[in-house]
Amino acid sequence: MDEDSDEALMLAYGKGDAQAFETLYGRYRTALYRYFQRHVGDAVMANDLYQDCWEKVIGARARYDARAPFRAWLFRIAHNLHVDHYRSRKPTEPLPPGLTETEEETTLPPELLADPDRARRFRAAVNALPEAQRDAISLRLDAGLGLEDIARVTGVGPETAKSRLRYATRALKQVLQP
């Protein structure tokens with residue numbers, strides 16, 4: 001195992017190497033925050049879930065098993081926190097609002113930032129996706145996870161994850177066509 005790999009760094013952190021954690025944190029802070037921000041649409045709640053996720057990583061450092069890729073393990077924690085967040089909400093609360101303009105620059109793919117109309121359509125299309133598809137596309141765009149890891153994170157089979165990505169991608173392409 002490469003000593004600079006995420007897995008090796010997490011194992012080193014589990015043995016007390018604080019610098020290893022700093023390196024992992026630096027690698028994943030933006031993608032992890034984007035993941036939460038895209039799902040909850042509220043910067044304060046996204047920040048709370050983001051902090052909770054890192055606390056869980058810290059708490060589990062000694063139990064980390066390097067057989068699973070660190071990226072998938074981290075986003076599985078994030079996914080579980082996101083699901084728990086919605087399960088704990090009151091049934092009368094509305095679904096999460098769309099992303100606000102101040103969040104746009106951290107949640108849009110860079111190629112959309114140059115065209116405000118396409119960016120608006122993209123945000124609306126992502127927010128309109130069914131939750132399972134939105135989660136799959138967020139794990140692909142924000143976390144950079146592959147199909148197998150998306151399946152592992154969301155607790156479904158690879159074919160289901162592939163289907164969710166396919167439907168989400170198709171819906172987003174339809175909205176973004178000129």
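Located above this text is the structure these notes cover.
Note that the structure is predicted; figures quoted are calculated from it, not measured.

Enquirer: Lay out the overall build of the chain with the relevant residues and their values.
Expert: Within the chain, the regular secondary structure consists of nine helices and zero strands. Secondary structure of the chain in N-to-C order comes out as α-α-α-α-α-α-α-α-α. Classification of the 178 residues of the chain by burial places 42% in the buried group. When contacts within the chain are restricted to residue pairs at least 6 apart in sequence, long-range pairs at least 24 apart make up 62% of them.

Enquirer: Let's hear about the pattern of salt bridges: which residues, and what values?
Expert: Applying the stated criterion across every chain yields a total of five salt bridges. The salt bridge involving R67 is made with D65; its shortest N-O contact spans 2.4 Å. Between R152 and D149 there is a salt bridge, with its nearest N and O atoms 2.7 Å apart. Here the residue R152 and the residue D149 both occupy positions in helix α8 (residues 147-154), the gap between them amounting to three residues, near one helical turn. When its relative accessible area of 42% is taken as the criterion, R152 is described as partly exposed.

Enquirer: Report on the environment of T30, specifying residues and quantitative values.
Expert: For T30, the position within the fold is in helix α2 (residues 18-40). For the pair formed by T30 and D142, sequence separation is 112 residues and the distance between their alpha carbons is 8.3 Å.

Enquirer: I'd like to hear about the nonpolar core, residue by residue, with values.
Expert: Membership of the largest hydrophobic core comes to 45 residues, with the highest contact counts inside it found for L32, F36, L74 and F75. Of all the elements in the fold, those that place two or more residues in this core are α1 (6-14), α2, α3 (43-59), α4 (70-88), α6 (116-128), α7 (131-141), α8 and α9 (158-176). Beyond its immediate stretch of four places on either side in the chain, L74 contacts Y28, L32, C53, W54 and V57.

Enquirer: Can you break down the packing of α8 against α9 residue by residue, with the values?
Expert: Here α8 crosses α9 at 105 degrees, and the two axes come no closer than 8 Å. By the criterion of interaxial angle, the relationship of α8 to α9 is roughly perpendicular. On the side of α8, the interface is formed by L147, E148, I150, A151 and T154, while α9 contributes P158, A161, K162, R164 and L165. Residues of the contact of α8 with α9, tallied by class, amount to six nonpolar, one polar and three charged.

Enquirer: Please set out the packing of aromatic side chains residue by residue, giving values where relevant.
Expert: Across all of its chains, the model carries 13 aromatic pairs by this definition. With a centroid separation of 6.1 Å and 70 degrees between ring planes, the pair formed by Y64 and F70 is classed as edge-to-face. When sorted by exposure, Y64 lands in the same class as F70, which is buried. R166 extends its terminal NZ or CZ atom over the ring of Y167, reaching a point 5.6 Å from the ring centre.

Enquirer: Go over α3, please, and point to the residues and values.
Expert: When the terminal C-alpha atoms of α3 are compared, their 24 Å separation across 17 residues agrees well with the 24 Å that a helix rising 1.5 Å per residue should span. Of the residues making up α3, those classed as buried are A46, L49, Y50, C53, W54 and V57. Each buried residue of α3 sits inside an arc of 135 degrees when the element is viewed along its axis, so together they form one side. Away from its buried face, by an angle of more than 90 degrees, α3 presents the exposed residues V44 and E55. Buried residues in α3 make contact with α1, α2 and α4. Measuring from the backbone nitrogen of V44 back to the side-chain oxygen at the start of α3 gives 3.1 Å, which picks out D42 as the cap.

Enquirer: Which residues make up the packing of α6 against α9, and what values go with them?
Expert: Two numbers describe how α6 lies on α9: the axes approach to 9 Å, and their chain directions differ by 150 degrees. One way to sum up the angle between α6 and α9 is to call them roughly antiparallel. Handedness of the crossing formed by α6 with α9: right-handed. Packed against α6, whose contacting residues are R118, R121, F122, A125 and V126, the element α9 presents L172, V175 and L176 at the interface.

Definitions and limits used
- Residues numbered from 1 in each chain as written.
- Predicted model: local features only at pLDDT ≥ 70, side-chain atom pairs only at ≥ 80, totals over all residues.
- Heavy atoms only, no water.
- Helix = DSSP H or I, 4+ residues; strand = E, 2+ residues; numbered from the N terminus.
- Buried < 20%, exposed > 50% of the residue type's maximum accessible area, 1.4 Å probe, protein only.
- Contact = heavy atoms within 4.5 Å.
- Salt bridge = Lys/Arg side-chain N within 4 Å of Asp/Glu carboxyl O.
- Core = buried A, V, L, I, M, F, W, Y, C linked by side-chain atoms within 4.5 Å.
- Axes fitted to C-alpha atoms, helices over the stretch in contact; angles between N-to-C directions.
- Parallel < 35°, antiparallel > 145°, perpendicular 65-115°, else oblique.
- Nonpolar A, V, L, I, M, F, W, Y, C, P; charged D, E, K, R; others polar.
- Phe/Tyr/Trp six-rings, centres within 6.5 Å; stacked < 30°, edge-to-face > 60°.
- Lys NZ or Arg CZ within 6 Å of the ring centre and 35° of its normal.
- Expected span 1.5 Å × (residues − 1).
- Arc of directions from axis to C-beta.
- Polar contact = N/O pair within 3.5 Å; in protein donor to acceptor, adjacent residues only side chain to side chain.
- Left-handed = near helix turned anticlockwise from the far one by under 90°.

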